[in-house]
Amino acid sequence: MLILGIESTAHTFGIGIFDGKILADARSVYKPLKGGIHPAEAAKHHENAKEEILAKALNEAGIGLSDLDLLAYAAGPGLPPCLRVGLDFVKKLRRETKKPVVAVNHPVAHIEIAKMLTKAKDPVVLYTSGGNTQVIGYASGRYRVFGETQDIAVGNAIDTFIRETVGGYPGGPAMEHLASKGRNYIELPYVVKGMDLSFSGILTAAMEKYKRGADISDLCFSFQETCYAMLTEVTERALAHSEKKEVLLTGGVAASERLQEMISIMCKERNASAFLCPKEYSGDNGIMIAVAGFLAYRSGHRTKKLDFDSKWRVDEAEIMWMEG
Ligand code: AMP
Ligand code: MG
């Protein structure tokens, strides 16, 4: 079965082609000239990129549109103007191919590609990206959210801090580089409330300390230590409650070596296995949409109405392929 997946929820327009193996993975990433993602500009980027990315993906896979068996698209959550581009594009491809279409939940896709690549079976998932921070685990038909951020995503906090201090986007790699030179821990608010987290207070406090002259490397070091310790604490508690034996790290922030290290140490201490999604596939891409679309279709899911839902939570998506 040959599946084409379309990702367009935020900064990336991606098309992946999958048939049990990754045949093509074409992407174009919108980079804001100034400030954070501007939804209308990101959508314009996707609009301009879509045909070229499709051609690139088909060429890479060595197939034509008529060879496809199934189309999948990311239907949410995400930025409405960006989701609209993906939806309109899949509708156009459906008219041209007459093939079935499956709507995919974007976080579910992040989880499924990471599981496929790492061979994790039933993990506690730490999903940390530019727009999401959730600790997730499967239970009776759904990916349940054990804990999540109450305000901004950890990746957003990192990106904003770097943008407002040394400049540039994305902030993660720059923060990691600066943090490696930091030596002194500067106290920042560690905010874990039950199973939930908050990152906006850390951002505000770090900005204030920067303005008062604190060393940027020490601040980045402290920012990382604080945020990643919070994430590791909540993940550990989810592991204990759920009695699962695996932790899977995915989303763009999963590329952080320090976060990987903290999660790995925690897992070792609990006799659990840590799985790290390979860097190339931990950020947004079309392959993950194709993989999740394939799983849904194979287990009998049929999408009736093609639409998008910018607030579609991971725990609202029906998961039919996990039991048995
Ligand atoms: P995504 O939204 O899943 O594409 O992930 C993008 C986010 O990952 C951005 O907030 C980046 O700053 C973050 N990111 C990328 N690389 C790293 C890294 N090495 N350390 C921390 N965050 C990172
Ligand atoms: Mg994402």
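Owing to the predicted nature of the structure, the values given are computational and were not obtained by experimental measurement.

## A few points about the domain arrangement of the protein chain
In step 1: As assigned here, the protein chain comprises domain 1 (3-110 + 283-316) and domain 2 (122-281).
In step 2: Here domain 1 and domain 2 have C-alpha centroids that lie 27 Å from each other.
In step 3: Between domain 1 and domain 2, the residue contacts involve 19 residues of the former and 15 residues of the latter.
In step 4: Between domain 1 and domain 2 lies a buried interface of about 1,400 Å² when both sides are counted; carbon and sulfur atoms form 55% of it.
In step 5: Three residues, H110, V314 and D315, lead the burial of domain 1 against domain 2; their summed loss comes to 32% of the area buried on that side.
In step 6: For the pair domain 1 and domain 2, the number of links is 1 salt bridge.
In step 7: Salt-bridge contacts for R313 lead to E148; the nearest nitrogen and oxygen are separated by 3.1 Å.
In step 8: The interface formed by domain 1 and domain 2 includes 3 residue pairs in polar contact (both at pLDDT 80 or more).
In step 9: For the side of domain 1 that touches domain 2, the secondary-structure elements that each account for two or more residues are β3 (22-29) and α3 (106-118).

## What to know about the coordination of the magnesium ion (ligand 2)
In step 1: Around the magnesium ion (ligand 2), the protein contributes the donor atoms H106 (NE2), H110 (NE2) and D284 (OD), at 2.1 to 2.3 Å from the metal centre.
In step 2: Spacing between the donor residues of the magnesium ion (ligand 2) along the chain follows H-x3-H-x173-D. Pair noted here: H106 is in helix α3 and D284 is in the loop between β12 (273-276) and α9 (286-298), with a separation of 178 residues, a long-range link. The same class applies to H106 as to D284, namely buried.

## What to know about the site of ligand 1
In step 1: The local shell around ligand 1 holds 19 residues, among which G130, D159, G172, E176 and G252 are the closest.
In step 2: In this structure, H11 approaches ligand 1 through a side-chain N or O atom, which is 3.2 Å from an oxygen atom.
In step 3: At 3.3 Å from an oxygen atom of ligand 1 is found a main-chain nitrogen or oxygen belonging to G155.
In step 4: Contact with the protein chains removes 91% of the 510 Å² of surface that ligand 1 exposes when unbound.
In step 5: For the shell around ligand 1, the elements supplying multiple residues, two or more each, are α4 (154-164) and α5 (171-179).
In step 6: The biggest single contributor to the shell around ligand 1 is α5, with 4 residues.
In step 7: When grouped by side-chain class, the residues that make up the shell around ligand 1 number 5 nonpolar, 11 polar and 3 charged.
In step 8: Taken together, domain 1 (3-110 + 283-316) and domain 2 (122-281) each give at least three residues to the shell around ligand 1, which thus spans both.

## Overview of the nonpolar core
In step 1: Core analysis: the biggest nonpolar cluster contains 73 residues, and L4, I6, I15, I17, Y73 and Y143 have the highest contact counts within it.
In step 2: Here this core spans two domains, since at least three of its residues come from each of domain 1 (3-110 + 283-316) and domain 2 (122-281).
In step 3: Grouped together as the second largest cluster of nonpolar side chains are 42 residues, I162, L188, M195 and M262 included.

## What to know about α3
What sets the pattern is the α-helix's 3.6 residues per turn: residues three or four places apart point alike.
In step 1: Compared with the 18 Å implied by 1.5 Å per residue over 13 residues, the 19 Å span of α3 between its first and last C-alpha is a close match.
In step 2: Along α3, the residues that are buried comprise H106, P107, V108, A109, H110, I111, E112, I113, A114, K115 and T118.
In step 3: Note on α3: the residue one or two positions beyond its end, K119, has a positive phi of about 70°.

## Re the pattern of salt bridges
In step 1: Taken as a whole and judged by the stated rule, the model has 15 salt bridges.
In step 2: The partner of R258 in a salt bridge is E225, with the nearest N and O atoms 2.7 Å apart. Of the two residues, R258 is situated in helix α8 (residues 257-269) and E225 in helix α7 (residues 216-242); the sequence distance between them amounts to 33 residues.
In step 3: You can call E225 buried: its relative accessible area is 16%.
In step 4: The salt bridge involving D315 is made with R313; its shortest N-O contact spans 3.0 Å.
In step 5: Within the structure, one salt-bridge network assembled from shared partners comprises E51, K92 and E96.

## Observations regarding unusual backbone geometry
In step 1: In this structure, the amide linkage connecting G76 to the following residue, P77, adopts the cis form with an omega of -5°.
In step 2: If you trace the backbone, P77 turns up in the loop between β4 (70-76) and α2 (80-97).
In step 3: Note that the residue after Y169, namely P170, is joined by a cis bond; omega there is -5°.
In step 4: Note on placement: P170 falls in the loop between α4 and α5.
In step 5: Even without being a glycine, K98 presents a positive backbone phi close to 60°.

Conventions used here
Residues numbered from 1 in each chain as written. Chains lettered and ligands numbered in written order. Predicted model: local features only at pLDDT ≥ 70, side-chain atom pairs only at ≥ 80, totals over all residues. Heavy atoms only, no water. Domains from an automatic or database assignment. Contact = heavy atoms within 4.5 Å. Buried area = accessible area lost by both parts, 1.4 Å probe. Salt bridge = Lys/Arg side-chain N within 4 Å of Asp/Glu carboxyl O. Polar contact = N/O pair within 3.5 Å; in protein donor to acceptor, adjacent residues only side chain to side chain. Helix = DSSP H or I, 4+ residues; strand = E, 2+ residues; numbered from the N terminus. Donors = N, O, S within 2.8 Å, 3.2 Å for Na, K, Ca; no water. Buried < 20%, exposed > 50% of the residue type's maximum accessible area, 1.4 Å probe, protein only. Near = heavy atom within 4 Å. Areas by Shrake-Rupley, 256 points an atom, 1.4 Å probe, with all protein chains shown as cover. Nonpolar A, V, L, I, M, F, W, Y, C, P; charged D, E, K, R; others polar. Core = buried A, V, L, I, M, F, W, Y, C linked by side-chain atoms within 4.5 Å. Expected span 1.5 Å × (residues − 1).

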